[in-house]
Every structure is written in C-alpha cells, then in structure tokens.
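# Descriptive analysis of the structure
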Amino acid sequence: MTQPPRPPRSAAPAIELRGITKRYGRVVACDGVDLAVRRGEIHGLLGENGAGKSTLMKVLSGLVRPDSGVILRDGVPVDVADPHVAAGIGVAMVHQHFSLVGALTVWENVVLGEGREGRDRCDGGLAPAGGQGAHKGWLAGARGRHGQGRGRLRRDEACADVVRVGERYGITVDPLARVDSLSAGQRQRVEIIKCLRRDPDVIVLDEPTSVLSLAESRDLFAVLRRAVTGDGAARDGAVTGDGDLPAKAVVLISHKLAEILGATDRVTVLRRGRVVTRRATADTDAATLAREMVGREVSLGEEAAALGLTPPILSTGAARDGAAVLEVAGVTVGAPSGVPLLESFTLGLRAGEIVGLYGVEGNGQSALGDVLAGLVVPDRGEVRVAGEAVDLRRPGALHAAGVGVIPEDRHRSGVVLDMSVADNLVMTDLGPVSGRLLVSRRRQLRHAAELAERFAISCPSLDAPLRTLSGGNQQRVVLARELAGSPAVLVAAQPTRGLDVGAIEGMYGELRAAAARGVAVLLVSTELEEVMALSHRIAVISAGRVVGELDPAEADAERLGLLVGGAVGDHAATASALVSGRASTVQAGATGDGR
Amino acid sequence: MILDDGATILSSAIRLAAPLGFAACGEYLAERAGTMNISIEGMMITGAFTAVAAASATGSATLGLLAGAIAGLVIGAVHGNASHRLAVNTFVVGLTLNVLALGATSFFNESMDLTGHQVAQVSIPVLRDIPLVGEPLFVQRWPVYLLLGLIPLTWYLVERTRWGLELRAVGENPQGADVTGIRVNIRRRQALLWCGLFSGLGGAHLAVGAVGSFNDNMTAGRGYLVIAAVIFGAWRLRGTILGVALFGLADAMRLALPAVGVKLNSQLLIAAPYLLALAAMVLVVRRTRQPAALGKPFTRGIV
C-alpha cells in the first residue's frame, strides 16, 4: 500500500490520470484519457451518458482496473488496485446509490470502514490541530488503544464528531437517525460527511444532484466550494491554529450543462471515451459545451432539455378536456421501515395529455411505477382505467385494462437481456402471435419485424439477444412493445435515464406522438427540464404524495423547487438557485444567438 | 413431587439446550455477516466425533472439547474458502460438507474403538439447594458456564466493536461496505471461522459434555434447529437464545414426559422440537427483517 509523501502545495496536480484506456469487449469506454485536477479547484467532468465519465472515475477509485495508463498522486505514480488503496491515498468518492448501509445509524455509517489508512490520514490532516479535546481523544483512542481498527466503538464521541464536521462545512444531520428513515437528500449529506471526515485530498462526486432539490443542490455546491478553498477550516476556531488545512480537489461528474457552468472552475468534456476539450469554465458557454459534448450543432431549443438546460416552453399548455382515462385514487403503499412510500397518492390523466410527475428521486416514484406495473399491491386505494376499478391483485390486470409501462429500471422489470429481440417484443402479449398451445414463430417474427421497423430499432437480427443492443435501442424495444397493444395509458418512468442525446430526442418524439394519438401519458421524471419540455400539466411529488399541480406556462424552476422541497420556508425561498439562475441567463443568451 | 419433576425437566432442558446455545452464538454471528451457514450441522457432528476421539486418545475430556472446537474451525475454513475463493454456491458447499461429515464420522465410528469420557460436573454448594431452579442451574457440566460468558461476548462483539459494525455492514450492504474500504469476504470468512469454532464446541459439548459418548448421526439435525433458532429470534441474539431454550425444553419434554407417566405417541414426541421449530418459523417469519444481503455472494462491481 503506497502512501506517497504529501508536499504541502506542490506544483503537481493533486491527481492526474494519464492515458487511461479501458475496454469492455469491443466497446472502448475510455480511450487514452488524460485528466489533471489541481488543489483548490472544482473540476467538472462533462459528457453524455456512456461517454466514459463513470468508468474513468471507477478507475480512479479502484473499482475498475484500466487496460493501460497511469495515475499520479501529487506527481507520484500510484497503483490503485482496489478501493482500499484509493482511500489510502486520499481519494474519496461520493457514490450516489450504494454506499450507505440503511439498517445502520448515521454515525455508524460515518465511522464505518475507517481502517488504518483512514486513521493515519486523519492524523496527518486534522489531529495536529490539537485544541479540541473530544476530537483528539476520539482519534487517539481509536488509533492507540484499538490498533488494527477493531476495538470498541465510542458512540458519543463519534456522534460529536459527525456534528462537528457537519458544522464546519454547514451540513446538519442527526447522527442517531437510522439511514433507512432519511430522505435521499439527507442521505447524501451523510455521504458527504462520511467522505469529509476522512479528510481526503480528492473528492469525486458522481452525478450528485439527481437526488437533490434545487435548494439542496445549491447547498451542496456551497459545501464543495468551502472544501476546495479550505474556508471551513479557517472558520473553525479549534483548527485555526493549524490554519493550513490543505485545499482539496473536487471532481464533479455531470451530464447537465447548467451545473457544470454554475459550479465548476475548469471543465473537461468527454465524448465516446475521448477528451474533447479542457478549459476554464469561465471561458466557455452552454452552446460551445453542448456542441463539444454531443459532437454536432445543438439548437438549445428542442434539445436543451436533453442537455440539462431549461427549455423554453414548447408544449402548448392547452388543458385537455374530458373524463379521466387513468385515475389513481388514494393509493397508499407502506414500507418495511415504517415511513410509507406512497401516502394517499391521487392523480388523474385525461386522453391525449402528457402529465409530468416531477420530484426528487426517492419520494415514492418507484413505488408508483411498481403499482402501475402491477408489481406491488397497494395497502389502500384503487386504480381506475376508463372509469373502471382494476383488480390489482390479479397479475396482468393493468396491462389487460390498457396500461403500458416503461419501467424505471428496464433491466429489472422491462426486458430479459438474454432473450432475443423478437421474444422481448412480444413478451407481454402473446395473444396475437400464438394459438391455444403453441407460439407461432412465423407470426412472432412478422410482428416483431413490423415493430422494429415502426420504431426504428436497429439490431443485427431479431434473434440477437437483447443484451447486444445499445441502451437507446433496448429502451425502444420496451417502448415498441408497450405501445404495440394500443394502450389507453402509457406510464413512462424515467424514460430517458442512461440514454444519449439522440436517443433522448427520439423518446421525446415518441411520447409526444403517443399523446397526439390520444394516449394519456404519465411521465415520471426527476429531470426538471424534461418535465417542463414535454408536459401539458406538471404534478409535483414529495414524500409519497402530490403536493401541487402547475401549468407549465406558470411553472419555473423556483416554484417547482419550492414544491419539491416540501416548501421548507425561507430556506428554499431564498434559494436563488444557483443552477437555475445560471441556466436561465445562459438560456436567454443561447436562444438569442440561435435565432 | 411436582417440584422434583420440574427440576428434572429444567435440568435436562438446560443440558440439551447448551450444545445448541454454543452453535447459535456462531450461526447468529455468521448470519449477521451475510452467510447462511448450512454446514453448521456438519460442524457440530464433526466436533462431536473429534471430541470423543481426542478424549479417547488422550484420556482428557477437556482436550476433547478443544479438539472438537478446532474441527469445527477447520470446516468453517473449508467452507469459507470454497465459497469465496472457488466461488462455489454456499448452499451447495454446506450441503456437501454436511453429507460428507455425517458419512465420515459414521465410518470412523465403526472402524475405531472409542471409550467414553465426560467433562466434570460443577456443583455449587448452597445455591444448588434452592428449590426447583437450584439443581438445574447450579449442577451442570462446566462448559455450560462457559456458554454463559460466550453469549454476552458475542453480543458485545457484534453490537459494540468496530469489527462487529463492519460485520453488520457486510451483511446488509456488501457493495457499500466494499467501496467504504472493508474487505467483505475476509469479514465473512472471519465470521464463518467464529461460527465453526463454536459450532464445533457445541457438538463437542453434546458428545463429551451432555452424553459422554458418540453414536452415528448423534446431532440428528440439531444444526438445522440452530438455523431455525436464529430465524425465530429475528436475527437478534436475545431472540435466538430464547429459541434455543424453547427447543431445549421441547427436547427435554420428549425425554421427561414418559418418565413421569404421561402417555403420548413416542414418534410425535421425537418430532416435537422440529415441529415446534416449524411452527415458530411460520409464525415469526412474517414480521422479521433479515440481513439484507443474507445468502447473497459478494463480487465486486455487481450492483
């Protein structure tokens, strides 16, 4: 385990990746990527889904071994063989989805996994500050008496430490709460505290704002700014003596232009595994970055939403009349850990309209998707299609009633990756392609060929396993299958997640076309821009219930942000929302240029 | 008379529950780390046989106990390495080891001439004269008192130490634990070794503590009862020990009821602990929350 010397402020970048190449079979995820991140800067890593951002950062954090290339830490080559080495050299990653243990409390999660390396680092970074008795005692106790990182846990001291680190950077969280019971935003705060407590030199955040409301995103960027300037340390009386808490380097991975423009100092753009450009953020603008990211001219009108910019309102807000086709009435779904996932959720959809259900991730969207896909039977409430209540306990009842679903996680409940494209296309409805006993392969292939043609699914053959298709084409298979039965309702849950810009545009077109044909479309999305671009009506979900409904014409990032955050008073009201602020100015400029 | 009968039943309940208790402390810890350790039956029977064989060879029942514990440890090591390094399904490994242990112990038992040994009985003066509970609690073979220390030790390790915290994290979210810098499969193997050590000791205690000799298949599914006890206890140590006590009591009834003149179908009595375990699991399993990653192998990167 190599621990390079830590020069206080060397000229070498805090972390540098040189010529990193990683192939998965024939796909090149990273192709000779160079990236240098200096102390004291927030470095944006921008790219479409599939551009290689996450692979690159997995290489840096030891989860993936590169095929070639070197990593230099303060100019010293290091071999990051696994996550433990990464932690040892002071590289910490804030993972979005899988690093906290739900059954444990906040403080337990924070102290978890602090092996010997972690403690030595604390020793070098924080402990010499002296002064603060409790803090020093905790470290000294942990190091001295407990040797190998075993030993007794000191709950009170750990809790005090959580609070103290939180105060230093302006994050509040209850150390005794069980992580299960926290919202997604609060969980991320725990992640950040856990990360900062180890005093890393390099912090990597992978798409951190997908689970945050606007106000929370703004807070996060403020915390990061404090971390890179070392500002937090100066304001903490106990550590002032030290004064020289080394500035950190932050890598912010994102596919959203507005975030990159608003929060970073320098930016590196990746496209198809290669570095397209690297420059100071101040020297660039949204249109340039968009072009570099996508590789062609992008009008920031129609496509803006796909790039994470707030689009001008394109959809006509003409409210549709008529009876509701889909009514979700008072649906409640309990959770094993107490807090209900959905609580008296009520929403109606009329024919031919797209209703955008916007909210921060983890507020019940998944449960709603599962209910409408027939995977979960709600504790209370009912779902009515065309006025008739559907018996949710019967498998396939919703599908038979005319509800098509593009599930949130297509690999979990949308497709069978190892079955053929043709099989996947007919899977939910065998009626038209089978007799009483046998499936007619001829009819199945004809049916599949028709769908593949109509939805422009490009695949080597209809018999190829679905696994061989790109994400965008897999999603088209799901869409084609769900629309093939001419449903009255289409539920599209996070339909563009993981798709590249071209595929996202295609999906938008299909959803609009479906609505134009009279299908009632429920678009469940965490992407504000997407919801604003497509919806005739926007409903906001928070903590498992609809907290407000808006016309897109009167919706803006501020108002939606307020609703999403459960209107948390002055906090959100003052949220001049860094992201949206920058986005809208950029927007104005860009569209002005474009027309 | 009733007091005497009660004391006899209690006494034999504790005697019969003790082997389960040792093994339960091990299985509980292994399951909190995410390993459903099926091979516990094999650990117990191997521990039982090795204990008798070692006691017969050395003439010391205490050395027998020690040898039994080590035999269990070896099985734990085999299990851990096969399922982590060779990546064989942990249930397949467990079942194979169980069948192998049953066959091997029966074979060696046939082919060797073993003499019985039994560890010393502790009898605490004054306290043993308390009516009803005096004799059951204060006249027992000495490993029973070792168990009284092992239970709080297990609890402390799991709930209050850094090692225990890491074990629990590994059992709940191995991917998260991995990126946090915990070596998931090493923790799981450590838990398996702990389980092997005390399951072996449990089997050894059954042979050289409670019974005093070895006979073929003498554990008779007690390992599975221990797994049932952990489920019954909803993956909490207190509940697990309660389950063990309950199964011990049912076992004691089986022996005691005919002796005190209650006529019941003998097959039913023999089946009683197992039926009780089944009933308990059906009743309990609905409201329990097992470690989220229980029985799921860990490979880096698969989410």
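The structure presented is a predicted model; accordingly, all values stated were derived computationally and were not measured.

### Some thoughts on helix α1 (residues 53–60) of chain A
Among the eight residues in α1 of chain A, six count as buried, and that is most of the element. Among the residues of α1 of chain A, those classed as buried are Lys53, Thr55, Leu56, Met57, Val59 and Leu60 of chain A.

### Observations concerning the pattern of salt bridges
Residues and elements named next belong to chain A. Scanning all chains against the criterion turns up 38 salt bridges over all chains. Note that arginine 266 is salt-bridged to glutamate 41, the shortest N-O span being 2.8 Å. Of this pair, arginine 266 sits in strand β9 (residues 266–271) while glutamate 41 sits in the loop between β2 (27–37) and β3 (42–47), and the two are 225 residues apart along the sequence. With relative accessibility at 5%, the residue glutamate 41 sits in the buried group. The shortest N-O distance in the salt bridge between arginine 279 and glutamate 292 comes to 2.5 Å. A residue pair is termed long-range when its members are at least 10 positions apart, and arginine 279 in strand β10 (residues 274–280) and glutamate 292 in helix α12 (residues 286–294) qualify at 13 residues. By relative accessible area, which is 13% here, glutamate 292 ends up buried.

### Re the nonpolar core
All names here are of chain B. Judged by nonpolar contacts, the single largest core of 56 residues is most densely connected at Leu29, Leu150, Val208, Phe214 and Phe247. For this core, the elements supplying multiple residues, two or more each, are α1 (2–32), α2 (40–58), α3 (61–84), α6 (143–160), α7 (162–172), α9 (184–211), α10 (222–232) and α11 (237–259). The contact partners of leucine 150, leaving out residues within four places of it in the chain, are Phe22, Cys25, Trp194 and Phe198.

### Things to note about the interface of chain B and chain A
Contacts between the two partners involve 24 residues from chain B and, on the opposite side, 27 residues from chain A. Our count for the chain B to chain A interface comes out at two salt bridges. Remark: the boundary between chain B and chain A carries six residue pairs in polar contact (both at pLDDT 80 or more). Elements with a minimum of two residues in the side of chain B that touches chain A: α6, α7, α8 (174–180) and α9 of chain B. Of all the elements, α7 of chain B adds the most residues to the side of chain B that touches chain A, at seven residues. Looking at side-chain class alone, the side of chain B that touches chain A contains seven nonpolar, seven polar and ten charged residues.

### Quick word on the environment of alanine 293 of chain B
Counting through the fold element by element, alanine 293 of chain B comes out in the segment after α12 (266–284). Not counting residues within four places of it along the chain, the set of residues in contact with alanine 293 of chain B comprises Gly34, Val170, Gly171, Glu172, Pro174 and Arg188 of chain B.

### Overview of the pairing of β10 of chain A
Residues and elements named next belong to chain A. Pairing of β9 with β10 involves six bridges; the strand directions are antiparallel. Each residue of the ladder has a partner; that of leucine 270, found in β10, is valine 275. The turn joining β9 and β10, which pair antiparallel and follow one another in sequence, is formed by two residues; a positive phi near 45° is taken by arginine 272.

### A few points about the sheet that holds strand β1 (residues 15–24) of chain A
Residue and element names in this part refer to chain A. Strand order across the open sheet formed by four strands is β2-β1-β4-β5, with antiparallel pairing between neighbours. Bordering the open sheet on either side are β2 and β5 (76–78), each of which pairs with just one other strand. Strand-to-strand, the axes of this sheet are offset by a mean angle of 30°, without reference to chain direction. For strand β4 (residues 68–73) and β5, the ladder comprises three bridges, and the chain directions are antiparallel. Paired with leucine 72 across the bridge in β5 is proline 77.

### Topic: the UniProt feature "transmembrane region" (unreviewed entry) in chain B
Residue and element names in this part refer to chain B. Within this structure's numbering, the places UniProt gives as "transmembrane region" (unreviewed entry) are residues 47–74, 86–108, 142–158, 191–214, 220–237, 244–262 and 268–285. Annotated as residues 220–237, this span is 67% helix and 0% strand, and its ends, taken at the C-alpha atoms, are 24 Å apart. Each end of residues 244–262 is marked by a C-alpha atom, and these two atoms are 24 Å apart; helix forms 84% of the span and strand 0%.

### Brief notes about the sheet that holds strand β18 (residues 520–525) of chain A
Residues and elements named next belong to chain A. Pairing in this open sheet of six strands is mixed, and the strands run β16-β17-β18-β13-β19-β20 from one edge to the other. The open sheet has two free edges, formed respectively by β16 (403–406) and β20 (545–550), since each of these has just one partner strand. With strand direction ignored, the average angle separating the axes of adjacent strands in the sheet is 20°. When β16 meets strand β17 (residues 489–493), the two strands line up parallel, connected through four bridges. Within β17, the residue paired with isoleucine 406 across the bridge is alanine 492. Contacts from helix α19 (residues 501–516) reach β13 (354–358), β16, β17 and β18 within the one sheet, and its direction differs from that of β18 by about 145°.

### Description of empty space enclosed by the protein
Taken as a whole, this structure holds nine cavities of 30 Å³ or more when the rule is applied. Its boundaries defined by the atoms lining it, the largest cavity holds a volume of some 290 Å³. Around the largest cavity sit 21 residues that line it, and Val91, Ala92, Met93 and Arg198 of chain A together with Val179 of chain B are the ones nearest its centre. For the lining of the largest cavity, the secondary-structure elements that each account for two or more residues are α2 (83–88), β6 (91–94), α4 (116–125) and α7 (184–197) of chain A together with α8 of chain B. Here the lining of the largest cavity is composed, by residue class, of ten nonpolar, seven polar and four charged.

### Let's talk about the pairing of β18 of chain A
Residue and element names in this part refer to chain A. Buried residues dominate β18, accounting for six of its six residues. Going residue by residue along β18, you find Ala520, Leu522 and Val524 tucked away on one face and Val521, Leu523 and Ser525 tucked away on the opposite face as well. With five bridges connecting them, β17 and β18 associate as parallel partners. Residue pairing in the sheet places leucine 490 in a bridge with valine 521 of β18. Traced from β17 through α19 to β18, the parallel crossover comes out right-handed.

Conventions used here
Note on numbering: residues in each chain are counted from 1, in written sequence order. Think of it this way: whatever chain is written first is A, whatever ligand is written first is 1, and the rest follow in order. Thresholds applied to this predicted model are a pLDDT of at least 70 for local features of residues and 80 or more for the giving and counting of side-chain atom pairs; totals over whole chains, interfaces and linings are not thresholded and use all residues. In computing side-chain properties, one takes all heavy atoms of the structure into account and sets aside hydrogens as well as water. Accessibility here uses a 1.4 Å probe with only protein chains present; expressed as a share of the type maximum, an area under 20% marks a residue as buried, one over 50% as exposed, and anything in between as partly exposed. Secondary structure elements follow DSSP: runs of H or I no shorter than four residues count as helices, runs of E no shorter than two count as strands, and numbering proceeds from the N terminus. Only one rule defines a salt bridge in this text: a Lys or Arg side-chain nitrogen within 4 Å of an Asp or Glu carboxyl oxygen. Working definition of a nonpolar core: buried Ala, Val, Leu, Ile, Met, Phe, Trp, Tyr and Cys residues. They are joined through side-chain atoms within 4.5 Å. Residues count as neighbours in contact if any of their non-hydrogen atoms are within 4.5 Å of one another. Polar contacts here mean pairs of N or O atoms no more than 3.5 Å apart (in protein, one a potential hydrogen donor and the other a potential acceptor; neighbouring residues in sequence count only if both atoms are side-chain atoms). Polar here means any residue other than Ala, Val, Leu, Ile, Met, Phe, Trp, Tyr, Cys and Pro, which are nonpolar, and Asp, Glu, Lys and Arg, which are charged; Gly is therefore polar. Strands were regarded as paired on the criterion that DSSP finds at least two bridges between them. Structural elements are reduced to axes, namely lines fitted to C-alpha atoms, with helices fitted over the stretch in contact, and the angle between N-to-C directions of any two is expressed from 0 to 180 degrees. UniProt positions are given in the numbering used here, feature names are shortened, and annotations may be inferred rather than shown by experiment. Here a cavity denotes grid points, spaced 1 Å and computed from the protein atoms alone, that fit a 1.4 Å probe unable to get out, and a pocket denotes an open set having protein on both sides within 12 Å along at least 5 of 7 lines; residues with an atom within 4 Å of a point are the lining. Grid points are joined across faces, edges and corners, and a volume is the space filled by probe spheres set on the points. Note on handedness: a crossover is taken as right-handed if, strands pointing away from the viewer, the path from the first strand over the helix to the second is clockwise.

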